[in-house]
Amino acid sequence: MNKAELVELVSDRAELSKKDAEAAVDAVLDVIVGAVVKGEEVKLSGFGIFSKKARAAREGTNPSNQAKIQIPASNTVAFKVSKAFKEKLN
């Protein structure tokens, strides 16, 4: 599913125009991104938890020539699925 398909489904289920549904989806995503960038956890009951995760610097290998390279420290997003969501998958 891509964003356009998500917007269409939200539009149908919430009985909104596609323009309003797209604005709602964009607003939700902006709020989640903004909170995670600040280091806050976003907990969505029945869905999961988005959080910021620090990756330490490490040594890697260039696959084309097998040379050792240094990979710098960085931040990434972690997502932990909720128990209810996990149960629906199985």
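Below is a short write-up of the structure. On a predicted model such as this, the values are computed, not experimentally measured, just so you know.

**Describing the packing of helix H1 (residues 3-14) against helix H2 (residues 18-37)**
In helix packing, the relevant descriptors are the interaxial angle and the interaxial distance, both defined with respect to the helix axes.
Reasoning step 1: For the pair H1 and H2, the least separation of the axes is 8 Å and the interaxial angle reads 115°. One finds that H1 runs roughly perpendicular with respect to H2. Seen along the crossing, H1 lies across H2 with a hand that is right-handed. Residue-level contacts link Lys3, Leu6, Val7, Glu8, Val10 and Ser11 of H1 to Lys18, Ala21, Glu22, Val25 and Asp26 of H2.
Reasoning step 2: For the contact of H1 with H2, a count of residues per class yields five nonpolar, one polar and five charged.

**Here we look at the pattern of salt bridges**
Reasoning step 1: As enumerated under the stated definition, the model contains three salt bridges in all.
Reasoning step 2: Residues Asp26 and Lys3 are paired through a salt bridge, measuring 2.4 Å at the closest nitrogen-oxygen approach. Residue Asp26 is located in helix H2, and its partner Lys3 is located in helix H1; the two are separated by 23 residues in the primary sequence.
Reasoning step 3: Residues Glu8 and Lys18 are paired through a salt bridge, measuring 3.7 Å at the closest nitrogen-oxygen approach. With Glu8 in helix H1 and Lys18 in helix H2, this residue pair connects regions lying 10 residues apart in the sequence.
Reasoning step 4: For Glu8, a relative accessible area of 39% puts it in the partly exposed group.

**Structural notes on the layout of surface pockets**
Reasoning step 1: Taken as a whole, the largest pocket holds about 170 Å³ of empty space.
Reasoning step 2: Along its surface, the largest pocket is lined by Leu6, Val25, Val28, Leu29, Ile32, Phe47 and Phe50.
Reasoning step 3: Class assignment of the residues belonging to the lining of the largest pocket gives a composition of seven nonpolar, no polar and no charged.

**As for the pairing of strand S2 (residues 48-55)**
Reasoning step 1: The sheet contact formed by strand S1 (residues 42-44) and S2 spans three bridges and is antiparallel. By the bridge assignment for S2, Leu44 is matched with Gly48.
Reasoning step 2: What sits between S1 and S2 in their antiparallel hairpin is a turn of three residues, with Gly46 showing a positive phi close to 80°.
Reasoning step 3: One ladder, built from eight bridges, connects S2 with strand S5 (residues 74-81); its direction is antiparallel. Its bridge partner lying in S5, Lys53 is registered against Thr76.

Reading the values: the criteria
- For every chain, the first residue of its written sequence is number 1, and the numbers climb from 1 along that sequence.
- Since the coordinates come from a predicted model, pLDDT governs what is reported: local features require at least 70, and pairs of side-chain atoms require 80 or more to be given and counted, while whole-chain, interface and lining totals use all residues.
- Only hydrogens and water are set aside when side-chain values are computed; all heavy atoms of the structure are taken into account.
- In this analysis, axes come from line fits to C-alpha atoms, helices being fitted only over the stretch in contact, and the angle between any two N-to-C directions falls in the range 0 to 180 degrees.
- Segments assigned H or I by DSSP are reported as helices when at least four residues long, segments assigned E as strands when at least two residues long, and all are numbered from the N terminus.
- For classification purposes, an angle smaller than 35 degrees is called roughly parallel, one larger than 145 roughly antiparallel, one from 65 to 115 roughly perpendicular, and anything else oblique.
- Each crossing is labelled by how the near helix is turned from the far one, with a counterclockwise turn of less than a right angle marking it left-handed and a clockwise turn marking it right-handed.
- Any two residues whose heavy atoms approach within 4.5 Å at even a single point are treated as in contact.
- Each residue is assigned to one of three groups, with Ala, Val, Leu, Ile, Met, Phe, Trp, Tyr, Cys and Pro labelled nonpolar, Asp, Glu, Lys and Arg labelled charged, and all others, Gly among them, labelled polar.
- Basic side-chain nitrogens of Lys or Arg form a salt bridge, by our definition, when they fall within 4 Å of a carboxyl oxygen of Asp or Glu.
- For every residue, the accessible area (1.4 Å probe, protein chains only) is compared with the maximum for its type, and the residue is labelled buried under 20%, exposed over 50%, or partly exposed between those bounds.
- Here a cavity denotes grid points, spaced 1 Å and computed from the protein atoms alone, that fit a 1.4 Å probe unable to get out, and a pocket denotes an open set having protein on both sides within 12 Å along at least 5 of 7 lines; residues with an atom within 4 Å of a point are the lining.
- Grid points are joined across faces, edges and corners, and a volume is the space filled by probe spheres set on the points.
- We treat two strands as partners when DSSP finds at least two bridges between them.

Such coordinate-based values are descriptive only and should not be taken to indicate function.
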